[in-house]
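What follows is the residue order along each chain.
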Amino acid sequence: MGVLLDSWPLELLVVTGGLFLAIYWYLTSTFDYWKLKGVPYLEPTPLLGNMKDPFLMRRCQHEVLNDIYQKFEGNRYCGLFQFKQPELMVRNPELVDSVINPHNKFREFGRKMVSLSLLQMLGSFLLFFIPYLGRILKVKIIDGESADFFKKVVMDAIEYRQKNNIKGNDFLQLIMELKEKGKVEFEKDLSKEDSYLKNHLTEYSNNTKEDSLEFTDDLLLAQCLIFFTAGFETSSSTMSFCLHELAVNPDIQQKLRKEIDKVLEDHGGELTYDAVQSMTYLGMVVDETLRKYPVIVFLNRECTSDYPVPDSNLVLKRGTTVMIPVYSLHHDPKFFPDPDRFDPERFTEQNKRTRPHYCYLPFGEGPRICIGMRFGLLQTKAGLASLLSKYEFTLSGKSEVPLSTGLGTGTGLGQTSAAGLPSLTVLEYPVPEDEGYSVHASENGPPAVTSCGECRSPVVTHSPVAGGNPRRG
């Protein structure tokens, strides 16, 4: 005898069936979200939404997102689902505008933070795609030892500056001012490169009281951590992809080297800040590298209030996630003809004016544009200029053309690459007849970007090829 029915097996079957239906309803309860709003969307799979292949590590996430982007050609936006969460993919640049207006402790802990374990990757997945569940479970991506190390470094530096009345012209000083005064005091005459930062921070300072954010020590520490981790792997990966493309396109490499040599000659052989900034073609080459291999393949924004999408009847409810497919915009032939071809000429001032501004977003845009943009670009350009002034890069027998980005769970090509990594032969420049170096890809992870044990040069690991003797120019 069952409690409610005559037979307990029947009762168990009813309870089990009811529980199954309840779980199924919960997992699919949002799947009519875009249909009710009249938004074109891709039919989701229960539990995984449209992310089945990335979750099972069958395909890269940017490949799946790019398929969705291509499927809805002609639409300004489309709907998709991250698990059960509905997200809007924005395909139109104008609409994007409206939406986003050597071994030491640092290296040791930096490596730990970008080399995530399976558990940390699952935690990252939760925080990114189901943030409310991640907060409930108190998921942490950074291990306690690394967090404690960086917290001590940052807080010790702040205490020392305050105790000795020291003011630095750097990122930490800006963060300290924001915490103490609620705003940043800018110099009267700012460079053109700094003007964007002033505008965004001024806008932040003028926010209403209810929109302001309490600037705690933990929040200050978080900004310093993201500044460090965001530049730890990204610049080196960009340099590696760039060197690969220069090896594939020797005419571009030669043109770039000619500019670098000329600028260095004009600056007495010194690689100064002004020297790097005057390398116009180098900037174009780096821009094209970031177009073809964006560090972050998509951006997410969350509606903080109900948002009427311009020129449509669609109203996004508060809390809805909007996705901006950076990789797909960068590879859309409407904006970048023959997108798989590496062509720095796309970034002449004249050519940049012929396309929408918001179809190129390597650092994001708007108030939340990457705070380390200038630092990352300078670091990447300086590394490339240093290498190309001394070495010539050619493809090796292991080179893969075109490169495949492999499989992974991260949000950027540099973090997910596991196959088809740049494998180059690099010869000293000017090239001696009997000497050379070989640059190898690492066995796993991103393209090899470690420091050389002999000369400490960044970006590549080089070793003498047969018959060669190490000699640096």
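Residues numbered from 1 in each chain as written. Predicted model: local features only at pLDDT ≥ 70, side-chain atom pairs only at ≥ 80, totals over all residues. Heavy atoms only, no water.

### Quick notes on the side chain of Gln-253
Using the following cut-off: Helical segments are the DSSP runs of H or I of at least four residues, strand segments are the runs of E of at least two, and each set is numbered from the N terminus. Two N or O atoms count as a polar contact when they lie within 3.5 Å, although within protein this holds only if one can serve as hydrogen donor and the other as acceptor, and sequence-adjacent residues are included solely when both atoms are side-chain atoms. By definition, residues are in contact when any of their heavy atoms lie within 4.5 Å.
Mapped onto the secondary structure, Gln-253 falls in helix H14 (residues 250–266). There is a polar contact of 3.0 Å between the side chain of Gln-253 and the backbone oxygen of Leu-246. In this structure the side chain of Gln-253 is engaged in a polar contact, spanning 2.8 Å, whose partner is the backbone nitrogen of Phe-393. When sequence neighbours within four positions are dropped, the list of residues in contact with Gln-253 reads Leu-246, Ala-247, Leu-388, Tyr-391, Glu-392 and Phe-393.

### Side note on the UniProt feature "transmembrane region" (unreviewed entry) in the chain
As a reminder of what qualifies: UniProt positions are given in the numbering used here, feature names are shortened, and annotations may be inferred rather than shown by experiment.
UniProt marks residues 12–27 and 113–133 with the feature "transmembrane region" (unreviewed entry), using the numbering shown here. A helix fraction of 100% and a strand fraction of 0% characterise residues 12–27, whose end C-alpha atoms lie 22 Å from each other.

### Let's talk about the pattern of salt bridges
Condition: Here, a salt bridge means any Lys or Arg side-chain nitrogen found within 4 Å of an Asp or Glu carboxyl oxygen.
Scanning the entire structure with this criterion turns up 15 salt bridges. Measuring nitrogen to oxygen at the nearest pair gives 2.8 Å for the salt bridge that ties Lys-262 to Asp-266. A residue pair is termed a helical-turn pair when its members lie 3 or 4 positions apart in one helix, as Lys-262 and Asp-266 do in helix H14 at four residues. Taken together, the salt bridges that share partners define one network made up of Glu-73, Arg-91, Asp-332 and Lys-334.

### Details of helix H9 (residues 144–164)
Here is the rule: A helix's residues, less one, multiplied by 1.5 Å, set its expected span. Exposed residues in this analysis have more than 50% of their type's maximum accessible area, buried residues have under 20%, and partly exposed residues fall in between, with area computed by a 1.4 Å probe over protein chains only. Note that the arc is defined by the directions from the helix axis to the C-beta atoms.
Along its 21 residues, H9 runs 30 Å from first to last C-alpha, staying within 8% of the 30 Å computed at 1.5 Å per residue. Buried within H9 are the following residues: Ser-146, Phe-149, Phe-150, Val-154, Ile-158 and Arg-161. Buried residues of H9, viewed axially, fall in a sector of 150°; they line one side. Of the exposed residues in H9, the ones pointing more than 90 degrees away from its buried face are Asp-148, Lys-152, Glu-159, Tyr-160 and Lys-163. After H9 finishes, the residue Asn-165 shows a positive phi value of roughly 50°.

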